[in-house]
Amino acid sequence: MASRQSTVDYLLEQIKEAGTVSYKKMFGEYAIYCNGKVVALVCDDELFVKPTLAGKKFVTDYIESPPYPGAKPYLLISGDMWEDSEWLAKLFKITELELPLSKIKPKKNKNPCGN
């Protein structure tokens, strides 16, 4: 089952205080970005936050679960926690701070002569 746009819209509204937040739709599911970093995935209308030491310490009583078959485990954030926007925004912010910046891949030169 694909996630609904309304779920992502609600989550973005809840975490707007974490920084610059956005999303990207991929294969019917969504990646949520905070300050240019992928911090979470929304799969089957469930929220999966990338596991970091600071995030685990903040959540304390967490469940780890893969967002899709074959994925590494993420922190599964239950729907009842989504309503506390201050808590959720803080989780996104502390998670984002611990994640590395994305590596920019150089563009491949399509000209075989190198010009």
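A quick note: this is a predicted structure, and the numbers were derived from the prediction, not measured. (Residues numbered from 1 in each chain as written. Predicted model: local features only at pLDDT ≥ 70, side-chain atom pairs only at ≥ 80, totals over all residues. Heavy atoms only, no water.)

1. A few points about the environment of serine 3
Basically, it comes down to this: Counting from the N terminus, the helices are the DSSP runs of H or I reaching at least four residues and the strands are the DSSP runs of E reaching at least two. The rule is simple: take the accessible area with a 1.4 Å probe, protein chains only, and divide by the maximum for that residue type; under 20% is buried, over 50% is exposed, in between is partly exposed. Residue contacts are defined here by distance: any two heavy atoms, one from each residue, within 4.5 Å place the two residues in contact. Identification of polar contacts relies on pairs of N or O atoms within 3.5 Å, with a donor-acceptor requirement for protein atoms, meaning one able to donate a hydrogen and the other able to accept it, and with residues adjacent in sequence counted only if both atoms are side-chain atoms.
Of note, serine 3 is situated in the segment before helix 1 (5-14). Classification of serine 3 as buried rests on a relative accessible area of 7%. Sequence-wise, serine 3 and aspartate 45 are 42 residues apart; in three dimensions their C-alpha atoms are separated by 4.6 Å. The contact partners of serine 3, leaving out residues within four places of it in the chain, are Gly28, Glu29, Tyr30, Val42, Cys43, Asp44 and Asp45. Of note is the side chain of serine 3, whose polar atom sits 3.4 Å from the backbone oxygen of valine 42.

2. Digging into helix 3 (residues 85-98)
Note the threshold: Here the expected length of a helix is defined as 1.5 Å per residue gap, with one fewer gap than residues.
Over its 14 residues, helix 3 runs 20 Å from end to end, which matches the ideal 20 Å to within 8%, given 1.5 Å per residue. Of all the positions in helix 3, only Trp87, Leu88, Ala89, Leu91, Phe92, Thr95 and Glu96 are classed as buried. The inward-facing, buried residues of helix 3 contact helix 1, strand 2 (29-34), strand 3 (37-43), strand 4 (46-49), helix 2 (53-59) and strand 6 (74-77).

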